[in-house]
Amino acid sequence: MGDAENKEMMEMGNHLSGSPVHKVGFPPRRNFARGFTDGLKETFFADDPLRPYKDQPRSKKLLLGLRFLFPVLEWGRDYELSKFKGDIVAGLTIASLCIPQDIGYAKLANMEPKYGLYSSFVPPLVYAVMGSSRDIAIGPVAVVSLLLGTLLRVEVDPVNDREEYRRLAFTATFFAGVTQAALGFLRLGFLIEFLSHATIVGFMGGAAVTIALQQLKGFLGIDKFSQQTDIVSVMKSVFHSASHGWNWQTILIGSSFLALLLAARYIGKKNKNLFWIPAIAPLVSVVLATSFVYITRADEHGVKIVRKIDKGINPPSVHLIHFTGPFAAKGLRIGMVAGVVALTEAVAIGRTFAAMKDYQLDGNKEMVALGTMNMVGSMTSCYVSTGSFSRSAVNFMAGCQTSVSNVVMSLVVMLTLMILTPLFKYTPNAILSAIIISAVIGLIDYEAAFLIWKVDKFDFIACLGAFFGVVFISVEIGLLVAISISLAKILLQVTRPRTALLGYIPGTSIYRNIEQYPEATRVPGALIVRVDSAIYFTNSNYAKERILRWLRDEEEQLKENRLPKINLLIVDMSPVTDIDTSGIHAFKELHRSLRKHQVQLVLANPGPVVIEKLKLAKFIELIGQNKIFLTVGEAVMACAPNTIEEA
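Because the structure is predicted, anything quoted here is derived from the model rather than measured. (Residues numbered from 1 in each chain as written. Predicted model: local features only at pLDDT ≥ 70, side-chain atom pairs only at ≥ 80, totals over all residues. Heavy atoms only, no water.)

> Would you mind showing me how to read the overall build of the chain here?
Within the chain, the regular secondary structure consists of 27 helices and 8 strands. By principal-axis analysis of the C-alpha atoms, the chain measures approximately 100 × 70 × 55 Å. Split into buried and exposed, the 647 residues of the chain put 51% on the buried side. Within the chain, residue pairs in contact and separated by at least 24 positions form 81% of the contacts whose partners lie at least 6 positions apart. Here the chain has roughly 31,000 Å² of accessible surface; of this, 61% comes from carbon and sulfur atoms. Considering the chain, the positive charge centre built from 65 side chains and the negative charge centre built from 54 side chains are found 5 Å apart. (Helix = DSSP H or I, 4+ residues; strand = E, 2+ residues; numbered from the N terminus. Buried < 20%, exposed > 50% of the residue type's maximum accessible area, 1.4 Å probe, protein only. Contact = heavy atoms within 4.5 Å. Areas by Shrake-Rupley, 256 points an atom, 1.4 Å probe, with all protein chains shown as cover. Lys, Arg positive; Asp, Glu negative; His and termini not counted. Charge placed at Lys NZ, Arg CZ, Asp CG, Glu CD.)

Right, dumping it as structure tokens:
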């Protein structure tokens, strides 16, 4: 051993010599039933939702329960005129945005335009009573409309069997609501967290590209268009029809108003006070385009128009829902997929704006509200509705105070259905395509993708996988790829936990990762390893093999440099939150291997759960209680001097 190393060890020893050695505490053994119930409570009731009901009379509990299910009873008590002014302005603003969007989104779902408007009438009213978000704007959204239309079209032809297609759409909407409400009631909201932020960014970006490509049919005036959604099939369809299928009048209308919409969007983005310009631009564009077609009779020159939209509010549709039979099973499968995607989008939007206004949003309560909303919607001729990011952003910037803004929007849509729908007869499909293209551009979050690339390359691979899965195959395959990559990342992190070699910071008793802190010094004759994960059957063998590999690599280096061999291995257990029987078995095998090489095994700072299990498995007896220390520093102070003498 060199003089410099001796000096460093002496300095560390002097620093530690005045510190007492503390014993590791053994927690009192908990009853199995108590531990099991505590675990369940922490998993499903982490927010302690029953706390307000404790020690309350029955009448008070009933009132609290009603307020929980219907938050309007809570915030409605303090509602006043000043709040209504903000809500009515916001409601009118999002209504001007939602009406043209709803007509376009209905076409994405292969539904008649009136069903898009229906879906912005009843669901927002239900949400206003049951939802807890003050800012979210409810209605059809592009991604869910495309997903629903794609999945339904596989089962039923929307052109040749329109009635059965509608029935299956309402059935899928009903089961989407059941799925959402069930996740909320059973407090299983954490399941949607399996879609990571990176995969959502990729999925939404891919869906935006796919939706924009689908709009080329209306934007270019093409009659025969691919039924597939992948980019290759769509572009083949576009180019094959280039010589005879494009309509220049349609292209002129579409491109002119798309430029107008993008300009309005740019103005609103540059100056937040002018948010109302991009909000009303779609409705203004529809009015101008419809007037232009009516005056010039462009529909007689190949410009496709909406034609008739039936007047009247939502007719009942409960008798159209399949509750039994093969179509019920198909509706259940489609509804579960659409419901989870809609739920993910709505909860993400709600949490974003709740954080901006500094109030809490109960995810499980939101799921119940959204599920009930879609179940009621399916019985009133609506398809899957959820929170719209573009409308919610406008709602927020317009100064909404409560979900009354949704009620105002709903009433405007009702008036439109009862009085104004004949005015949309000459609305060109090209303007609807332009509105949808301008809306979905905001779903391509390239800044978030770039940040993901900089921060985490594996997350970026997940993002790209979801994006290319949607763009080159289909929306449902892209969703499957997104979930698969998210699960693969979790499995990789669980099965291959990070480990680190530790050294002490000179002049202190602090031990840190030598890669992060190059100045950290290794203890001669000792190897200090930290496992940064719980140790379960999925990673126990890897953790054992990785520690032994650290030992082998270190001994080879020492041998080359003709330095004393290692005779002490300290495992820092601070990050190890739990260990199972496989993990304990792996530690026993590790201890056996180390004994053969005449290396002591020492553990530092095992947590209460870990130390209790090690004690019950008699592992403490195996290595000796004097080999368990509160800190790495105390372990070195107690064991390293012997190592130095042997060296």
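Still more ground to cover, so stick around.
> Got a minute to help me understand a nonpolar patch on the surface in this structure?
A grouping of F190, L191, F194, I483, L487, I490 and V494 is seen on the molecular surface, where their side chains present a nonpolar patch of about 500 Å² in accessible area. Tracing the backbone shows F194 in the loop between α9 (162–185) and α10 (197–214). (Patch = residues over 30% accessible without salt bridge, like charges linked within 9 Å, V, L, I, M, F, W, Y side chains within 5 Å. Salt bridge = Lys/Arg side-chain N within 4 Å of Asp/Glu carboxyl O.)

> Any chance you could explain the packing of α10 against helix α20 (residues 446–455) here in plain terms?
Viewed as axis vectors pointing N to C, α10 and α20 meet at an angle of 140°, and their least axial separation amounts to 10 Å. The pairing of α10 with α20 is recorded here as oblique in orientation. Two packed elements cross with a definite hand, and for α10 against α20 that hand is left-handed. Contacts between α10 and α20 involve H197, A198 and V201 on the former and, on the latter, A448, A449 and I452. Broken down by class, the residue content of the contact of α10 with α20 amounts to 5 nonpolar, 1 polar and no charged. (Axes fitted to C-alpha atoms, helices over the stretch in contact; angles between N-to-C directions. Parallel < 35°, antiparallel > 145°, perpendicular 65-115°, else oblique. Left-handed = near helix turned anticlockwise from the far one by under 90°. Nonpolar A, V, L, I, M, F, W, Y, C, P; charged D, E, K, R; others polar.)

> Before we go on, may I ask you to explain the pattern of salt bridges in this structure?
When their charged atoms lie close together, side chains carrying opposite charge are able to pair. A complete count under the given rule lists 21 salt bridges for this structure. Taking the shortest distance from any N to any O, the salt bridge between K489 and D456 comes out at 3.7 Å. Here D456 lies in the loop between α20 and α21 (457–472) and K489 lies in helix α22 (residues 475–495), a separation of 33 residues in the sequence. On the accessibility criterion, K489 (17% relative accessible area) is buried.

> Where do I start with helix α7 (residues 122–130) in this structure?
Each α-helix turn comprises 3.6 residues. Residues three or four places apart therefore point the same way. Of all 9 residues in α7, 7 are buried, a share of seventy percent or more. Of all the positions in α7, only V122, P123, P124, V126, Y127, A128 and M130 are classed as buried. Lining the buried residues of α7 we find α3 (58–69), α4 (72–75), α6 (113–118), β1 (137–139), α16 (363–378) and α18 (404–420).

> Hey, could you run me through the pairing of strand β7 (residues 600–604) in this one?
Looking along a regular strand, one sees the side chains alternate between the two faces of the sheet. Judged by how many residues are buried, β7 sits mostly within the fold: 4 of 5 residues are covered. In this structure, strand β6 (residues 568–572) lies alongside β7, joined through 5 bridges in parallel fashion. Pairing of V571 across the sheet is with L603, part of β7. Each parallel crossover has a hand, and for β6 linked through helix α24 (residues 581–596) to β7 it is right-handed. Inspection of the sheet shows β7 paired to strand β8 (residues 628–629) by 2 bridges, in the parallel sense. Bridge pairing in β8 links L603 to I628. (Pairing = 2+ DSSP bridges. Right-handed = clockwise from strand over helix to strand, strands pointing away.)

> Help me understand the packing of aromatic side chains in this model?
To describe a pair of aromatic rings, one takes the distance between the centres and the angle between the planes. This structure, assessed with the given rule, holds 13 aromatic pairs. Each ring, one from F174 and one from F175, has its centre 5.3 Å from the other, and the planes form 75°; the classification is edge-to-face. Of the residues examined, F174 reaches a relative accessible area of 12% and is grouped as buried. Since its relative accessible area comes to 14%, F175 is described here as buried. Residues F353 and F396 carry aromatic rings whose centres are separated by 5.3 Å and whose planes lie at 40° to one another, so their mutual orientation is tilted. Taken together, the residues F353 in helix α15 (residues 326–357) and F396 in helix α17 (residues 389–397) connect sequence positions 43 residues apart. These aromatic residues form a ring-pair network of at least three members: Y115, Y118 and F170. When the ring centre of W453 is taken as origin, the NZ or CZ atom of K457, which lies over that ring, is 4.5 Å away. Just above the ring of W550 sits the side chain of R546; from NZ or CZ to the centre is 4.0 Å. (Phe/Tyr/Trp six-rings, centres within 6.5 Å; stacked < 30°, edge-to-face > 60°. Lys NZ or Arg CZ within 6 Å of the ring centre and 35° of its normal.)

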